[in-house]
Amino acid sequence: MTVELATRILKADPEAIADAARCLAAGGLVAFPTETVYGLGADATDGEAVARLYAAKGRPAFNPLISHLPDLKAAQALAHFNDAAARLAQAFWPGPLTLVLRKRTDCPVSELATAGLDSIGLRVPDHPVARNILTALGRPVVAPSANISGHVSPTDAAHVMADLQGRIDLVIGGGPATVGVESTIIACLDEPTLLRPGGIAREAIENILGHPLRVAPEAQNPSGEEAPLAPGMLNSHYAPRATMRLNASDLRDGEALLAFGAALAGRASKTLNLSERGDLVEAAANLFSHLRALDASGARAIAVMPIPHEGLGEAINDRLQRAAAPR
Ligand code: TXA
Ligand code: MG
């Protein structure tokens with residue numbers, strides 16, 4: 001399922017930026033510099049583009065991604081800013097700060113990008129190339145660090161090429177990233193909480209808030225993206241109310257069906273298909289929205305057909321197992 005792409009690399013100039021925006025708008029994957037590290041961008045509102053991004057990074061699981069915006073106004077269209085969030089945004093944006101906020105109900109970011117959560121991570125980067133691309137596209141861009149999952153984050157276009165050549169469409173080179181570590185992540189859902197230490201020191205944030213910052217236990221052990229820092233701390237994996245029966249080969253009374261490929265015969269209370277043609281990229285893009293819709297239909301149980309354990313199937317199965325875990 002991995003298609004070898006002819007990855008182009010361009011020096012950041014107005015033409016390259018227009019090219020990057022066009023490529024993102026068409027569902028492509030574009031690496032670009034930010035002040036922290038190079039990000040691998042996809043149109044946040046395009047579920048299949050986001051699914052291809054997880055596949056390109058080889059992520060074994062769907063962690064929620066940060067949506068990048070050109071300014072505060074664009075960010076306010078996606079999420080609710082409480083008082084602390086507004087003060088932090090005012091003080092540190094543009095810059096290496098990510099805020100995790102309550103998502104607006106009309107937020108156009110795909111469910112896959114937020115891993116089905118009701119919260120969303122937002123950042124306004126302080127790098128002219130990143131901001132010009134975001135402004136030209138006019139849509140939010142998800143951008144994890146532009147490396148293969150488990151490798152160190154890239155601070156130069158050459159690092160990006162070393163990891164992702166053949167897996168993405170375009171790399172925009174803009175010199176070395178100056179901060180060199182990822183953004184600091186603060187959740188402003190209730191009490192402001194440090195989820196990941198990063199480019200802005202805790203003291204600087206406490207200065208603005210006027211009190212010590214609560215620190216998530218996982219944030220005291222800074223590590224790579226593979227540690228399920230933020231989601232683990234918030235204990236907020238998306239979980240349906242209905243019970244889930246995985247690898248179903250038949251349908252039982254009153255069950256809703258989450259199908260993959262040719263749907264099981266039998267009468268389901270409601271059926272949604274992750275991908276009729278058995279495409280794992282399409283299935284990943286539909287996963288959280290279909291689960292939500294089946295759950296909202298009021299079914300007591302959801303039967304889920306088997307999903308192959310290859311490519312994105314690994315991450316899909318990971319999320320299904322979490323959703324099915326007894327609570
Ligand atoms: O500096 C950065 O933040 C870089 C540049 C490219 O902007 N991006 C980056 O993204 O580090 P990534 O995907 O490697 O890290 C995103 C982190 C993950 O730890 C994820 O769990 C957390 O953000 N996160 C995103 N949305 C979240 C949410 N709704 N709730 C909790 N954590 C969230
Ligand atoms: Mg990373």
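As shown above, the structure is provided for reference.
For clarity, every value in this text was computed on a predicted model and none was experimentally measured.

> Provide a residue-level description of the nonpolar core, including the pertinent values.
Residues F62, L99 and L122 are the most contacted members of the largest nonpolar core, which totals 79 residues. The element contributing the most residues to this core is helix α9 (residues 280–296), with eight residues. For this core, the domains that each give at least three residues are domain 1 (8–226) and domain 2 (243–324). Look past the residues within four positions of L122 in its chain and what remains in contact with it is I66, S67, L69, A75, L78, A79, F81, W93, L97, T98, L99 and L101. Membership of the second largest hydrophobic core comes to 17 residues, among which are A16, A21, C23 and L137.

> Describe in detail the sheet that holds strand β14 (residues 256–259), supporting the description with residues and values.
Taken together, the four strands give an open sheet; going across it, the order is β13-β16-β14-β15, and neighbouring strands pair in parallel fashion. With partners counted over all chains shown, the strands left at the sheet margins are β13 (243–245) and β15 (271–273), one partner each. Strand-to-strand twist in this sheet, taken as the mean axis angle between neighbours without regard to direction, amounts to 20 degrees. Contacts between α9 and the sheet are confined to β13, β14, β15 and β16 (301–304), with β15 contributing the most and set at about 180 degrees to the helix.

> Explain the pattern of salt bridges to me, and be specific about the residues and the numbers.
On inspection of all chains with the given rule, the structure shows 14 salt bridges. Notably, a salt bridge pairs R8 with D19, separated by 3.2 Å at the nearest N-O pair. Of the two residues, R8 is situated in strand β1 (residues 8–11) and D19 in helix α1 (residues 14–25); the sequence distance between them amounts to eleven residues. For R8, a relative accessible area of 37% corresponds to the partly exposed category. With relative accessibility at 17%, the residue D19 sits in the buried group.

Parameters and conventions
- Residues numbered from 1 in each chain as written.
- Chains lettered and ligands numbered in written order.
- Predicted model: local features only at pLDDT ≥ 70, side-chain atom pairs only at ≥ 80, totals over all residues.
- Heavy atoms only, no water.
- Core = buried A, V, L, I, M, F, W, Y, C linked by side-chain atoms within 4.5 Å.
- Buried < 20%, exposed > 50% of the residue type's maximum accessible area, 1.4 Å probe, protein only.
- Helix = DSSP H or I, 4+ residues; strand = E, 2+ residues; numbered from the N terminus.
- Domains from an automatic or database assignment.
- Contact = heavy atoms within 4.5 Å.
- Pairing = 2+ DSSP bridges.
- Axes fitted to C-alpha atoms, helices over the stretch in contact; angles between N-to-C directions.
- Salt bridge = Lys/Arg side-chain N within 4 Å of Asp/Glu carboxyl O.

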